[in-house]
Every structure is written in C-alpha cells, then in structure tokens.
Amino acid sequence: MTAFDPYHVWLGIPADEQPANYYRLLGLRAFEANADVIDHAADRQMAHLRSFSAGERAAVAQKLLNEVSAARVCLLDAKLRADYDARIRAKLAKVAAARLP
C-alpha cells in the first residue's frame, strides 16, 4: 500500500509537481495576477479541504488549509507576489538552463 498523498488525492497535484508553488496549490495558471481570480480560487480550495477537517486526516487537512491561506496572503499582496514571482521565474530559468546540452 502506498502512503497517502493529500496533494495528489485532494488537490490533483501529482508527485512530480510537488512541492507545488502557490499558483498550483490554488489550481491557477502560473503568474495569475487577477485578485478576484486568486481570491475565489483560494476560497474554492479551502472549502474543499474543510470537508476533510473532521475526518481521520484532520491534521493533514489543517496543514493544507494553512498552506492555501499562506498562498492567498502572498498572491493578493502586490509586493509579496512580485517577490514570489521573481523567485519562481529564477527557479524556472535555472531548471531550463540545466536541461541545455
């Protein structure tokens, strides 16, 4: 039996996309800037995760709720999002450079 992966089972984020960035965690395309879209995506993910908060995996659900909350705070603050986006872009550039022959 494999270990329970809440990111994959509950949020549809496969192991090869983990750890998920904030956009992926909210189910958004990378670098989404529309505050309403970000806010509603966070609401959607939190409502879904709350449905697991009374079960046997309540602690895991709470951990993911905290991560979604942190994603919302970061992505709804223009300065924090700009800094976060710069880090994500740098990471993507590094991965792309490593793939070059």
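Residues numbered from 1 in each chain as written. Predicted model: local features only at pLDDT ≥ 70, side-chain atom pairs only at ≥ 80, totals over all residues. Heavy atoms only, no water.

J.: Looking at this model, I keep getting lost on the pattern of salt bridges. Mind explaining?
T.: Side chains bearing opposite charge may pair, as long as their charged atoms lie close to each other. Tallying each qualifying case throughout the model produces six salt bridges. One salt bridge connects Arg 29 with Glu 32, and the closest N-O pair in it is separated by 3.6 Å. The exposure class assigned to Arg 29 is exposed, which follows from its relative accessible area of 57%. A relative accessible area of 12% places Glu 32 in the buried class. Between Arg 72 and Asp 39 there is a salt bridge whose closest N-O contact spans 3.0 Å. Remark: Asp 39 occurs in helix H3 (residues 35-50) and Arg 72 occurs in helix H4 (residues 58-76); sequence separation between them is 33 residues. One continuous salt-bridge network, built from bridges that share partners, spans Asp 39, Asp 43 and Arg 72. (Salt bridge = Lys/Arg side-chain N within 4 Å of Asp/Glu carboxyl O. Buried < 20%, exposed > 50% of the residue type's maximum accessible area, 1.4 Å probe, protein only. Helix = DSSP H or I, 4+ residues; strand = E, 2+ residues; numbered from the N terminus.)

J.: Teacher, can you tell me more about unusual backbone geometry here?
T.: Trans is the prevailing form of peptide bonds, just as negative phi is the prevailing case for residues other than glycine. The linkage connecting Gln 18 with the following residue, Pro 19, adopts the cis geometry, with an omega of 0°. The topology assignment puts Pro 19 in the loop between helix H1 (6-11) and helix H2 (22-25). Positioned with a positive phi, Phe 31 is a non-glycine residue whose angle comes to about 70°. Looking at the secondary structure, you find Phe 31 in the loop between H2 and H3.

J.: When you look at the environment of Gly 27 in this model, what are you seeing that I'm missing?
T.: Mapped onto the elements of the fold, Gly 27 is located in the loop between H2 and H3. Since its relative accessible area comes to 47%, Gly 27 is described here as partly exposed. The contacts of Gly 27, once residues within four sequence positions are left out, are Arg 44 and Gln 45. (Contact = heavy atoms within 4.5 Å.)

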